[in-house]
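# What the coordinates show
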Amino acid sequence: MSVSHASPHAPTDISPISVAPELEALVPSSSRRTRLPRWLRRTSGPVLALALWQLLSATGVLTGDVLASPGTIAHVAGDLIRDGSLPSAMGVSLRRVAVGLLFGIVAGTALALVSGLFRVGEDLVDAGVQMLRTVPFVGLIPLFIIWFGIGETPKIAIIALGVSFPLYLNVYAGIRGVDAQLIEAGESLGLSRWGLVRHVVLPGALPGAMTGLRYSLGIAWLALVFAEQVNADSGIGFLMVQARDFLRTDVIVVCLIVYAFLGLLADFIVRTLERLLLQWRPTFTGR
């Protein structure tokens, strides 16, 4: 019986097993560099400033008559909350800002629409608004007191006046900044004048309007500080005036912190609204 030997050069039926390459997920460089949560990074600055403030107060560099320590301010804030004076003052101030902001938004937006959508409206409105904008609104407080008395009306009027100008400028710039090619495209699609305004001009001006609203909120709190220190018998500004008369730096700092947190809360609300209304516009968010 003969045994056949396979040649070493003969082809074999066994084929090598192909192994698929292992895929590696791509991670943006900005994500790879992130080591701390964003909320921790955003709060690290204020926490460090607070720690430095406490250290300077504990070592005697900052005396109590110059600036109270954070511990003292926290204790005073607790006392003001317990006796109801701080919540009551916050309620009065929030009501003034809300009413003044409402009137200012309506006035500023209406003037911007008239001036931005119509050339005749621009000729009639824009020059007067620009002239009035250069006048410091705080300097109008004496006139408002003469015209409206010493009640709530002059306080609300000064807030509304301060709010209307930044909103007017940003809405007007947003309307006039709409791409002319989009207008031509809308006209070619058969949109009427109102259709162009509704579907092209107003959405294009919305980012500028939201930016103007954020500026207006900052001006509203600034105007409130001045308004509540003139012939006021309630509100956060009234607490500051009383604290100034009695040299209470702790109460003054508490009121300033309340102003800051209320302004930060209002800005957070506007930014959230901006993200909801401008989902159609992808933007750069930083790296």
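Right, let's talk about the overall build of the chain for a bit. If you tally the helices and strands in the chain, you get eleven helices and zero strands. The proportion of buried residues among the 287 residues of the chain is 33%.

This part covers the packing of helix α4 (residues 85–117) against helix α5 (residues 119–133). Two numbers describe how α4 lies on α5: the axes approach to 6 Å, and their chain directions differ by 130°. Judged by the inter-axis angle, α4 sits oblique to α5. Considering only the axes of α4 and α5, their crossing is left-handed. Along its contact with α4, which presents L111, V114, S115 and L117, the element α5 presents R119, G121, E122, V125, D126 and V129. Taken together, the residues that form the contact of α4 with α5 break down as five nonpolar, two polar and three charged.

Moving on, we come to the side chain of K155. One can find K155 in helix α7 (residues 152–176). Salt bridges are absent for the buried K155, whose nearest opposite-charge side chain, E152, sits at 4.9 Å. Residues within four places of K155 in sequence aside, it is in contact with R96, I150, A227, V230, N231 and A232.

In total, this model carries one cavity of 30 Å³ or more according to the counting rule given. In terms of lining, the largest cavity is formed by I141, F144, I145, G149, I150, P154, K155, I158, F226, A227, V230 and N231. Taken together, the elements giving at least two residues each to the lining of the largest cavity come down to α6 (141–148), α7 and α9 (193–227). Looking at the lining of the largest cavity residue by residue, the class counts come to nine nonpolar, two polar and one charged.

In the contact formed by α6 and α7, the axes pass within 9 Å of each other and the chain directions differ by 135°. By the angle between their axes, α6 is oblique relative to α7. Considering how the two elements wind past one another, α6 and α7 form a crossing that is right-handed. On α7, the residues that touch I141, F144, I145 and F148 of α6 are T153, P154, A157, I158 and L161. A class-by-class count of the residues in the contact of α6 with α7 yields eight nonpolar, one polar and no charged.

What follows is about a positive patch on the surface. On the surface, R38, R41, R42, R271 and R275 cluster together to form a positively charged patch. Every element with two or more residues in the positive patch is listed here: α2 (38–58) and α11 (249–277). The element best represented in the positive patch is α2, accounting for three residues. Relative to the elements of secondary structure, R41 occurs in helix α2.

Moving on, we get to the nonpolar core. Grouped together as the largest cluster of nonpolar side chains are 51 residues, with contacts concentrated most on I158, I159, W221, I236 and V254. At the level of secondary structure, the elements contributing two or more residues to this core comprise α3 (70–82), α4, α5, α6, α7, α9, α10 (236–245) and α11. Broken down by element, the residue count for this core peaks at eleven residues, all from α9. Sequence-distant contacts of V254, defined by excluding residues within four places in its chain, comprise I73, V76, A77, L80 and L86.

A few words on the side chain of D267. Tracing the sequence through the fold places D267 in helix α11. In this view, D267 contacts R214 and L217; residues no more than four positions away in its chain are not counted.

Our next topic: the pattern of salt bridges. Tallied over the entire structure, the rule returns seven salt bridges. Here R96 ties to E228 by a salt bridge, and the two come within 2.9 Å at their closest N and O atoms. Placement of R96 in helix α4 and of E228 in the loop between α9 and α10 is noted, with a sequence separation of 132 residues between them. This pair shows no difference in class: R96 is buried, exactly as E228 is. Here the salt bridges share partners, and the residues they tie into one network are R96, E152 and E228.

With that out of the way, let us pick up the packing of aromatic side chains. On inspection of all chains with the given rule, the structure shows five aromatic pairs. Pairing F144 with W147 gives two aromatic rings, centres 5.9 Å apart and planes at 45°, and the pair type is tilted. Taken as a pair, F144 and W147 lie in helix α6 at a separation of three residues, close to a single helical turn. Since its relative accessible area comes to 9%, F144 is described here as buried.

Conventions used here
Residues numbered from 1 in each chain as written. Predicted model: local features only at pLDDT ≥ 70, side-chain atom pairs only at ≥ 80, totals over all residues. Heavy atoms only, no water. Helix = DSSP H or I, 4+ residues; strand = E, 2+ residues; numbered from the N terminus. Buried < 20%, exposed > 50% of the residue type's maximum accessible area, 1.4 Å probe, protein only. Axes fitted to C-alpha atoms, helices over the stretch in contact; angles between N-to-C directions. Parallel < 35°, antiparallel > 145°, perpendicular 65-115°, else oblique. Left-handed = near helix turned anticlockwise from the far one by under 90°. Contact = heavy atoms within 4.5 Å. Nonpolar A, V, L, I, M, F, W, Y, C, P; charged D, E, K, R; others polar. Lys, Arg positive; Asp, Glu negative; His and termini not counted. Salt bridge = Lys/Arg side-chain N within 4 Å of Asp/Glu carboxyl O. 1 Å grid on protein atoms, 1.4 Å probe; cavity = no way out; pocket = protein on both sides within 12 Å on 5 of 7 lines; lining within 4 Å. Points joined across faces, edges and corners; volume = space filled by probe spheres on them. Patch = residues over 30% accessible without salt bridge, like charges linked within 9 Å, V, L, I, M, F, W, Y side chains within 5 Å. Areas by Shrake-Rupley, 256 points an atom, 1.4 Å probe, with all protein chains shown as cover. Charge placed at Lys NZ, Arg CZ, Asp CG, Glu CD. Core = buried A, V, L, I, M, F, W, Y, C linked by side-chain atoms within 4.5 Å. Phe/Tyr/Trp six-rings, centres within 6.5 Å; stacked < 30°, edge-to-face > 60°.

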